[in-house]
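What the coordinates show
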Amino acid sequence: QPQLKGKDFLSLSDFHTDEILYLLEEAKELKSLQKQGKPHPYLSGKVLGMIFEKSSTRTRVSFEVGMLQLGGHAIFLSSRDIQLGRGESISDTAKVLSRYIDCMMIRTFSHDSVKELAEHATVPVINGLTDLHHPTQVMADLLTIQEHKGKLAGLKMCYLGDGNNNMAHSLMEGAAKVGMHISIASPPGYLPDGKITEKAIETGKLTGSKILITHNPVEAIKDADIVVTDVWTSMGQEAETEKRLKDLAAYQVNTELCQHAKQNFIFLHCLPAHRGEEVTAEIIDGPHSVVFDEAENRLHAQKAILKLLLE
Ligand code: CP
Ligand code: NVA
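Residues numbered from 1 in each chain as written. Chains lettered and ligands numbered in written order. Predicted model: local features only at pLDDT ≥ 70, side-chain atom pairs only at ≥ 80, totals over all residues. Heavy atoms only, no water.

Per an unreviewed UniProt entry, the chain goes by the name Ornithine carbamoyltransferase and belongs to Neobacillus driksii. Entered under Catalytic activity (unreviewed entry) in the UniProt record, the comment concerning the chain runs "carbamoyl phosphate + L-ornithine = L-citrulline + phosphate + H(+)". Looking at the chain in UniProt, the text filed under Pathway (unreviewed entry) is "Amino-acid biosynthesis; L-arginine biosynthesis; L-arginine from L-ornithine and carbamoyl phosphate: step 1/3." (UniProt positions renumbered as here; feature names shortened; annotations may be inferred.)

1. A look at the site of ligand 1
Within the structure, ligand 1 sits among S56, T57, R58, T59, R107, H134, Q137, C270, L271 and R298. Residue R107 places a side-chain N or O atom 2.8 Å away from an oxygen atom belonging to ligand 1. Notes on ligand 1: free accessible area 260 Å², of which the protein chains cover 96%. Taken together, the residues of the shell around ligand 1 sort by class into two nonpolar, five polar and three charged. (Near = heavy atom within 4 Å. Polar contact = N/O pair within 3.5 Å; in protein donor to acceptor, adjacent residues only side chain to side chain. Areas by Shrake-Rupley, 256 points an atom, 1.4 Å probe, with all protein chains shown as cover. Nonpolar A, V, L, I, M, F, W, Y, C, P; charged D, E, K, R; others polar.)

2. Some words on the site of ligand 2
Near ligand 2, the surroundings consist of L129, N165, N166, D230, V231, S234, M235, C270 and L271. Between ligand 2 and the protein, one listed contact pairs a nitrogen atom with a side-chain N or O atom of D230 at 2.6 Å. In the complex, 94% of the free accessible area of ligand 2, which totals 270 Å², lies under the protein chains. Tallied by class, residues from the shell around ligand 2 come to five nonpolar, three polar and one charged.

3. Concerning the sheet that holds strand β8 (residues 226-229)
Overall, parallel pairing links the five strands, which are arranged β7-β6-β5-β8-β9 in an open sheet. Among the strands making up the open sheet, the edge pair consists of β7 (211-214) and β9 (266-269). Sheet twist, expressed as the average angle between the axes of neighbouring strands with direction ignored, equals 20°. Across four bridges, the pairing between strand β6 (residues 181-185) and β7 is parallel. Looking across to β7, one finds that I182 is bridged to I211. Contacting β5 (156-160), β8 and β9, helix α5 (residues 135-149) crosses the sheet at an angle of about 165° to β9. (Pairing = 2+ DSSP bridges. Helix = DSSP H or I, 4+ residues; strand = E, 2+ residues; numbered from the N terminus. Axes fitted to C-alpha atoms, helices over the stretch in contact; angles between N-to-C directions. Contact = heavy atoms within 4.5 Å.)

4. Some words on the UniProt feature "binding site: L-ornithine" (unreviewed entry) in the chain
Listed under "binding site: L-ornithine" (unreviewed entry) in the UniProt record, and renumbered for this structure, are N166, D230, S234 and M235. In summary, the annotated positions, though distributed over 70 residues, converge in three dimensions, the widest C-alpha pair being only 11.7 Å. Looking at the secondary structure, you find D230 in the loop between β8 and α9 (241-247). Those residues in contact with D230 that lie beyond four places of it in its chain are Y159, L160, N165, N166, M167, H269, C270 and E278. A polar atom in the side chain of D230 sits 2.9 Å from the side chain of N165. Relative to the helices and strands, M235 is located in the loop between β8 and α9. Given the relative accessible area of 29%, M235 is considered partly exposed. (Buried < 20%, exposed > 50% of the residue type's maximum accessible area, 1.4 Å probe, protein only.)

5. Comments concerning the pairing of strand β1 (residues 47-52)
Buried residues dominate β1, accounting for six of its six residues. Burial along β1 is two-sided: the residues V47, G49 and I51 and L48, M50 and F52 are all buried. Summarising the sheet, β1 and strand β2 (residues 73-78) pair through six bridges and their orientation is parallel. Across the sheet, residue I51 finds its bridge partner in β2, namely L77. Strand direction decides the pairing type here: β1 and strand β3 (residues 103-107), joined by five bridges, are parallel. Along β3, the bridge assignment pairs F52 with R107.

6. Side note on the sheet that holds β1
Taken in spatial order, the four strands make up an open sheet running β2-β1-β3-β4, and their pairing is parallel. Whereas interior strands pair on both sides, the edge strands pair on one side only; in this sheet they are β2 and β4 (125-127). The sheet shows a mean angle of 20° between the axes of neighbouring strands, direction not considered. Running over the sheet, helix α2 (residues 58-69) touches β1, β2, β3 and β4 and is turned about 175° from β1. On top of the sheet, helix α4 (residues 111-120) reaches β3 and β4; it is set at about 165° to β4, its chief contact.

Okay, here's the thing in structure tokens:
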């Protein structure tokens, strides 16, 4: 049995395939207990601190509810209100919070800030989204795919749109770890980070996951089991909105493009979504969409992460 106690959860590339699959099994177990109304207070008396430097609906609520259902407690720490926002250092914040709480979650801009927090904290640190990675979301995505498709390895995922963002990077890492093929189609200037791509390709060689990066959306979506997209303008990029709308227009997930996917494809989006931009209402509100199962699974996947890092 993989041992995750005391580890940080910063990006999926830090975990072995068997650890990711084990987390997913744990998530299923916790989901089933919750559905049956059976108490599961594995983290009784434990406290999670959640630092937010960016907005959030799902991440904040699912972590808070998750801790409550596990018998613990969560504290919401907006960077606008804590001294971090007034210039107190990340390392001092990490050392101080470690004296009070059992685990930290942080949503911020720079991935290096999360690494620095983890370096100085003596309790596990969970990445709740950075500009580079969104690993807790992808755990929920993998759980959702498993539930709808019955497996992960050998499936083909297609991601269309901004390939140089947190979702594209974490999906690529996650797919590579579990042996799922992934094709990412993005326009020039929006391709995924080169280092993350190279590392995922190396991982894929071990797991049988084929990774394709292309400018051609039809090539990417061909015979896909899973179609995914994300917002064209991520948090912090608001000044580029107009340019992005133009640059990414040909990568909209719509009925026409989805005709090239497998007939029984499922559509995922981490939300929030912009109907009429990265995806049409017809797709996201249509029969292939599983976006609300996906949003629910944030809760179950994160409870598994919290339980295994802390119990
Ligand atoms: N998907 C996601 O992380 O949503 P929030 O920004 O609402 O947390
Ligand atoms: N890529 C998006 C994801 C939001 C959950 C962003 O970073 O804003």
